[in-house]
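# Examining the three-dimensional arrangement
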Amino acid sequence: MYPIMEKKKLSENVKLMKIEAPQVAKKAKAGQFIILRIDEKGERIPLTITDFDRDKGTVTIIFMEVGKTTKQLGTLAIGDKLLNFVGPLGLPSDIENYGTVVCIGGGVGTAPLYPIIRELKKVGNHVISILGARNKSLLMLEEEIKEYSDEFFITTDDGSKGHKGFVSDVLQKLIDDGKDIKIVWAIGPVIMMKVVANLTKKYDLKTIVSLNPIMVDGTGMCGGCRVTVDGKIKFACVHGPEFDGHKVDFDNLMLRNRRFMKEEEHACKIAGVKI
Amino acid sequence: MAVKKEKHPMPEQDPKERIKNFNEVPYGYSKETAIEEAKRCIQCKNRPCTKACPVEVDIPDFIKELAAGNIDKAVEVLKSKTALPAVCGRVCPYENQCEGKCTLLKLGEPVGIGRLERFLADYERKKGVKKPKKAKPTGKKVAVVGAGPAGLTCAGDLAKMGHGIVVYEALHAPGGVLMYGIPEFRLPKEIVHAEVDFIKSLGVEIRYDMVVGKTITVQELLDEYDSVFIGTGAGLPNWLNIPGESLDGVYSANEFLTRVNMMKAYDFPHHCTPCTVGNVAATFGAGNVAMDCARTALRMGAKKSYIIYRRTEKEMPARNEEIHHAKEEGIIFKLLTSPVEFIGDDKGKIKAVKCIEMKLGEPDDSGRRRPIPIPDSKFSIEIDTALVAIGQSPNPLVPQSMKELVTEKWGNLKVDENSQTTVPGVFAGGDIATGAATVILAMGAGKRSARSINKFIMSKKSK
Ligand SMILES: Cc1cc2nc3c(=O)[nH]c(=O)nc-3n(C[C@H](O)[C@H](O)[C@H](O)COP(=O)(O)OP(=O)(O)OC[C@H]3O[C@@H](n4cnc5c(N)ncnc54)[C@H](O)[C@@H]3O)c2cc1C
Ligand SMILES: Cc1cc2nc3c(=O)[nH]c(=O)nc-3n(C[C@H](O)[C@H](O)[C@H](O)COP(=O)(O)OP(=O)(O)OC[C@H]3O[C@@H](n4cnc5c(N)ncnc54)[C@H](O)[C@@H]3O)c2cc1C
Ligand code: SF4
Ligand code: SF4
Ligand code: FES
């Protein structure tokens, strides 16, 4: 059993939790994820490792309440225990000193981006961070990310904070300004990653995206997490979750992530949670 | 007295009823029937049946005790060679093994060896299993990776020899394929739990949520334990590699069966994992896994469930009993048919499969006649779900995490005649070493490895 040590509300439907799971904390690296199950009847869901403390043996997760499991998770309190918490899964990010890097986080995608930004900064990169959200209240981890960024931008769709528009506008401007960008990380909604990848492709600017297909086991056994990369089937849980954004079939990923939409709505209705 | 030509029949759930539930299909023999069936055995001196069993169960001996009504003694003889008789008695492909060599085949049907094993194991379980004698603790420790039949058997045997055993399992439940793959109606999970409890009662500890290669490495295990056994199975699904395979509604057999069996999607939404089949399901392949998919699809509410296979019934690799049960349940067999493309609707959901008719040509390497497409014979079948059950490859997670572990052509771990891998002190067995095979072969490998490991650790200093 894995006790919840800390809980914080970050925005309307986004929560942060620190979970005691020493064996995961010991091995965790930026870019990896865990799979948790709340109780005996629970579904296994993947969440990115946002932070970890090897000494205290804790792992931080940040999740958006979108459906049955994440909403139920949100109702748990400090001291409650999760039945399963397995990881770290997937391959870690390729952290090295590239020179100038741009890190783009959209919505809850900001959470998995945070440890990557921190590690990139630690090894000496010039880090430019761009955080985007629909509106001001959905932004998260601003202070934490600012601390590790050399340049820092915010965009909101409605202009309630920072630049009014999309993250890709800021990226376009950085490119136009002639910044010597070596690599881009883009993590967020599939549509955001697709837009960024399409933009950087024109400039042959290497772009890493982190994919979030529906998963079951996380060990390469079920194939439910398969994504099409460079025309080939890859399993996001073992070959990813990060891939070369220029080679990912985003449209297919969007379709596959809608797989159980109807059933989940039904489950939420029965369980009395609203989506 | 003339020997009865046929096996005593085993009562079963009516096909029309059973496709609406997940309860076990056959009910098993009564004590009286079991003894009558045991009496059919003519106690052949040369023991052809035993020779054809991968773990060499002393078949005539346990049958003799059973025929004489000495049930406890029969159980003892049986269990000295197989650790999970309740499982083997249900899922062993006995027609190709023990029963396939039974002398009575010359007369008619073989002795129902599998059914007798099942009876004895069930009888013992209901009565309460006796704990076997354990050797004195040796102070040695072994880590077992994977709680499938290979790992559990190896762990149980090593524990009986007095060693301290910890099993590291990636998932949240034990049993491997027995738990996530083979459905409840063929192997009730209660039986798997009982077998696992028995192994735990020998002092074996099982740690879940432990993905070896990720959460902990083989090298770390090797530093902490005297030896390591790897039994991680063949969990990697193979694909058809045809267009449309990533459409919504196309599942690997593993995903489909895991959702239904392990995550209990049949009880959705009370269990939280969803899985839907719609009205028409098509399963590709014709092994045990395929039969399980097609029959599970019916129970999940499909009105029609197809098996689509590119060869003929003769080449189908599934156990006879599975094919027989599938037919009884109304599974539609489309043989000499191969899929060429999955077709989706505008929302990316599968709506049909385009197929081509095949004929059999010359035999290939496996000795089976190679299917070849018949030109201009394409046709489509409307389906809501496609289940791809064309085999699994060894799980690459562990081999990839330690480059000293050498693999062979199909990604299986290379082992020597003592089941030792290319890393001294690391042993492997079951599907990870052989490629996808059978429960009894995995158990046999677990047993043999336990013997090798015992020899290895007793000849070196303790950690
Ligand atoms: C590697 C990985 C890392 C992830 N990291 C995070 C994270 O750090 N924070 C976070 O909030 N979420 C993360 N996700 C997404 C998270 O797993 C899903 O939001 C969660 O599984 C939804 O479960 P639920 O039962 O609450 O919702 P459900 O009731 O299952 O679904 C609600 C809605 O979300 C859709 N959905 C379901 N699963 C996913 C999915 N995997 N991705 C996108 N949409 C989905 C459904 O189609 C439905 O519309 C990650 C996913 C992956 C694969
Ligand atoms: C649907 C289906 C039906 C079948 N029907 C039959 C049948 O009727 N008769 C028959 O004889 N055989 C049948 N088989 C085959 C049989 O089940 C397998 O040959 C047998 O289970 C192999 O045993 P194993 O112990 O080698 O591996 P598995 O049963 O695959 O167990 C491996 C275990 O290792 C765990 N694991 C994997 N990777 C890691 C890791 N990195 N760290 C920790 N743990 C890990 C897995 O989670 C799993 O629990 C069937 C297989 C399937 C899929
Ligand atoms: S273990 Fe399998 S092959 Fe051996 S005797 Fe039993 S049923 Fe036959
Ligand atoms: S071959 Fe058949 S009849 Fe002969 S001993 Fe074995 S089970 Fe009995
Ligand atoms: S989640 Fe099952 S293979 Fe990736």
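Please read these numbers as outputs of a predicted model, since none were measured by experiment.

Reading the values: rules and limits
- Residues numbered from 1 in each chain as written.
- Chains lettered and ligands numbered in written order.
- Predicted model: local features only at pLDDT ≥ 70, side-chain atom pairs only at ≥ 80, totals over all residues.
- Heavy atoms only, no water.
- Helix = DSSP H or I, 4+ residues; strand = E, 2+ residues; numbered from the N terminus.
- Expected span 1.5 Å × (residues − 1).
- Buried < 20%, exposed > 50% of the residue type's maximum accessible area, 1.4 Å probe, protein only.
- Contact = heavy atoms within 4.5 Å.
- Buried area = accessible area lost by both parts, 1.4 Å probe.
- Salt bridge = Lys/Arg side-chain N within 4 Å of Asp/Glu carboxyl O.
- Polar contact = N/O pair within 3.5 Å; in protein donor to acceptor, adjacent residues only side chain to side chain.
- Domains from an automatic or database assignment.
- Near = heavy atom within 4 Å.
- Areas by Shrake-Rupley, 256 points an atom, 1.4 Å probe, with all protein chains shown as cover.

### Some thoughts on helix α3 (residues 110-122) of chain A
Residues and elements named next belong to chain A. Relative to the 18 Å expected for 13 residues at 1.5 Å per residue, α3 spans 18 Å between its end C-alpha atoms, a close match to the ideal helical length. With respect to burial, α3 is a largely interior element, 10 of its 13 residues being buried. Those residues of α3 that sit buried are Thr110, Ala111, Pro112, Leu113, Tyr114, Pro115, Ile116, Ile117, Arg118 and Leu120. Glycine 124 occupies a position one or two residues after α3 and carries a positive phi of about 105°.

### Side note on the interface of chain A and chain B
Taken residue by residue, the interface counts 46 residues in chain A and 42 residues in chain B. In terms of surface lost to chain B, no three residues of chain A exceed A:Lys41, A:Met221 and A:Arg226, which account for 18% of the buried area on that side. At the boundary of chain A and chain B, one finds one salt bridge. Counting across the chain A and chain B interface gives 14 residue pairs in polar contact (both at pLDDT 80 or more). Looking at the side of chain A that touches chain B, the elements that each hand over two or more residues are α1 (22-27), β8 (84-89), β15 (226-229), β16 (232-235), α8 (250-256) and α9 (261-271) of chain A. For the side of chain A that touches chain B, the element with the highest residue contribution is β8(A), accounting for six residues.

### Details of the domain arrangement of chain A
All names here are of chain A. The domain boundaries assigned to chain A delineate domain 1 (2-89) and domain 2 (100-256). One C-alpha centre belongs to domain 1, the other to domain 2, and the line joining them spans 21 Å. Contacts between the two partners involve 20 residues from domain 1 and, on the opposite side, 19 residues from domain 2. Inspection of the region where domain 1 meets domain 2 yields one salt bridge.

### Topic: the site of ligand 2
Residues and elements named next belong to chain B. The immediate surroundings of ligand 2 are formed by 37 residues, with Val91, Ala150, Glu169, Arg186 and Asp431 found nearest. Between ligand 2 and the protein, one listed contact pairs an oxygen atom with a backbone N or O atom of proline 149 at 3.2 Å. One nitrogen or oxygen atom from the main chain of valine 177 is found 3.0 Å from an oxygen atom belonging to ligand 2. Starting from 1000 Å² of accessible surface for ligand 2 in isolation, the protein chains cover 97%. Within the residue set of the shell around ligand 2, elements represented by two or more residues are α8 (149-160), α13 (288-299) and α17 (439-458).

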